[in-house]
Amino acid sequence: ATPTALMVGTGLSAKHGILIKNGEVLEAVNQVKMVIFDKTGTITVGQPVVTDVIGPEKKIMTLAGQLEKNSEHPLAIAVLDYAEKLGLNNQESAKNFAAIEGQGVTGELNGQTAFVGNTRLLAERQIDPDLQKKMQELQAEAKTVVLVGEADQVIGLVAIQDAPKASSKKAIADLKARGLKTIMLTGDNQLVAEAIADQVGIDQVITEVMPNDKADHVQAFQQEGAVAFVGDGINDAPALSTANVGIAMGSGTDVVIESGDIILVKNDLQDVATAIELSAKIFNRIK
Ligand code: ADP
Ligand code: MG
């Protein structure tokens, strides 16, 4: 590939809001066999909203709000927005707050330990069978469910929905039409992740991945061929660096953007397909 052709390629893509760090990246894009996506904020909009509260709503939302005040997780923001809507946002925040990676948050309220998170956070606490059933129904509707409780009691649950971006389904179809394998990696629950994957047509889903393990999964897939990883979160930075091509959403923080070889200014997944098409065109022309 001539340097001039590569410069023309990177210039062309910049006009579309696809920033490519250098010409070698375009060459790597042309080798890619599979595209691995983060879920939240990449395939989905990343602005989750509370859709259902099962159990005593006022008590659940007061407790959840007091705990999530200390967290910056997208799920925490959804909980706080909803608590505010109910006028429950001016309570004091929980003491001895702790965020437990991939599980949820805990703290002290009314002299007891309170918690919001997934089933991994429950340890030996039990969920009532009816609540368990309700949880699974909501998850099958692609809603992330967090359990809310205090001491050894689960008092109810909050379902939170984060819809796919408008462009995700077509972008994934275009990649598959080019013969690329599509994979989703997420810390979220299997039922939820599979429901989202079905909505957008993703081939394979890997769920309940701890943030630090994303890069290891990328490395494992590299045994099968060159990998592009697409992500937006700080958690995604190591996977972006490990992949043959790291594609970062422009909405990501500085660390994320620095870890990407390609930056999608418009946060539009269609631009993943556009970048791959562009590189194929350039390399077929140059050869
Ligand atoms: P992802 O962003 O890919 O879903 P995370 O590792 O951030 O992955 O979160 C995984 C899971 O941990 C969430 O789906 C949720 O069940 C739980 N969790 C993490 N942080 C919180 C929080 N602040 N409040 C409630 N649940 C949380
Ligand atoms: Mg994300």
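Along each chain, residue indices are assigned from 1 in the same order as the chain's sequence is written. Just so you know, chain letters begin at A and ligand numbers begin at 1, following the order they were written in. It should be noted that, the model being predicted, local features are given only for residues of pLDDT at least 70 and side-chain atom pairs only at 80 or more, the latter also being counted only at that level, while totals for whole chains, interfaces and linings use all residues. To obtain the side-chain values, all non-hydrogen atoms of the structure were used and water was disregarded.

The name an unreviewed UniProt entry gives the protein is P-type Cu(+) transporter, with Fructobacillus americanaquae as the organism.

**Concerning the coordination of the magnesium ion (ligand 2)**
As a reminder, the rule being used: Here the coordinating atoms are restricted to nitrogen, oxygen and sulfur within 2.8 Å of the metal centre, or 3.2 Å for Na, K and Ca, and because water is not among them the sites may look incomplete. Under the DSSP-based scheme used, a helix requires at least four consecutive residues in state H or I and a strand at least two consecutive residues in state E, with every element numbered from the N terminus. The classification of residues rests on relative accessible area computed with a 1.4 Å probe and restricted to protein chains. Under 20% of the type maximum is buried, over 50% is exposed, and intermediate values are partly exposed.
The magnesium ion (ligand 2) binds to the protein through Asp38 (OD), Thr40 (O) and Asp232 (OD), with metal-donor distances spanning 2.0 to 2.2 Å. When the donor residues of the magnesium ion (ligand 2) are listed from N- to C-terminus, their spacing reads D-x1-T-x191-D. Separated by 194 residues along the polypeptide, Asp38 in strand S2 (residues 34-38) and Asp232 in the loop between strand S11 (227-231) and helix H10 (237-242) bring together distant segments of the chain. The residues Asp38 and Asp232 share a single accessibility class, namely buried.

**Observations concerning the confidence of the model for the protein**
Just so we agree on the cut-off: Residue-level confidence of the predictor is what pLDDT reports, using numbers from 0 through 100.
Here the protein shows a mean pLDDT of 93. Residues at 70 or above account for 98%. As a predicted assembly, this complex carries a pTM of 0.88 together with an ipTM value of 0.94.

**Notes on the environment of Gln139**
For the record, the criterion: Any two residues whose heavy atoms approach within 4.5 Å are treated as being in contact.
Topologically, Gln139 is positioned in helix H6 (residues 129-140). Under the relative-accessibility criterion, Gln139 is labelled buried at 6%. Residues Gln139 and Ala193, 54 residues apart in the sequence, show an inter-C-alpha distance of 8.6 Å. If near-sequence neighbours (up to four positions away) are discounted, Gln139 is found in contact with Val145, Asn189, Leu191, Val192 and Ala195.

**Points about the site of ligand 1**
We count it as follows: Any residue with at least one heavy atom within 4 Å of a molecule or strand is counted as near it. Think of a polar contact as two N or O atoms within 3.5 Å of one another; within protein, one of them needs to be a possible hydrogen donor and the other a possible acceptor, and neighboring residues in sequence only count if both atoms come from side chains. For every accessible area listed, the method is Shrake-Rupley and the probe measures 1.4 Å; residues are considered covered only by the protein chains on display. Side-chain classes are defined by residue name, with Ala, Val, Leu, Ile, Met, Phe, Trp, Tyr, Cys and Pro counting as nonpolar, Asp, Glu, Lys and Arg as charged, and the others, Gly among them, as polar.
Lining the immediate environment of ligand 1, one finds 18 residues, of which Glu68, Ser71, His73, Asn118 and Gly187 sit closest. A distance of 2.6 Å separates an oxygen atom of ligand 1 from a polar side-chain atom of His73. Within the contact set of ligand 1, an oxygen atom lies 3.5 Å away from a side-chain nitrogen or oxygen of Thr186. In the complex, the protein chains occlude 91% of the 550 Å² of accessible area that ligand 1 would expose alone. Going through the elements one at a time, strand S5 (104-109), strand S6 (112-117) and strand S7 (143-150) are the ones with two or more residues in the shell around ligand 1. Looking at the shell around ligand 1, its residues break down into 5 nonpolar, 11 polar and 2 charged.

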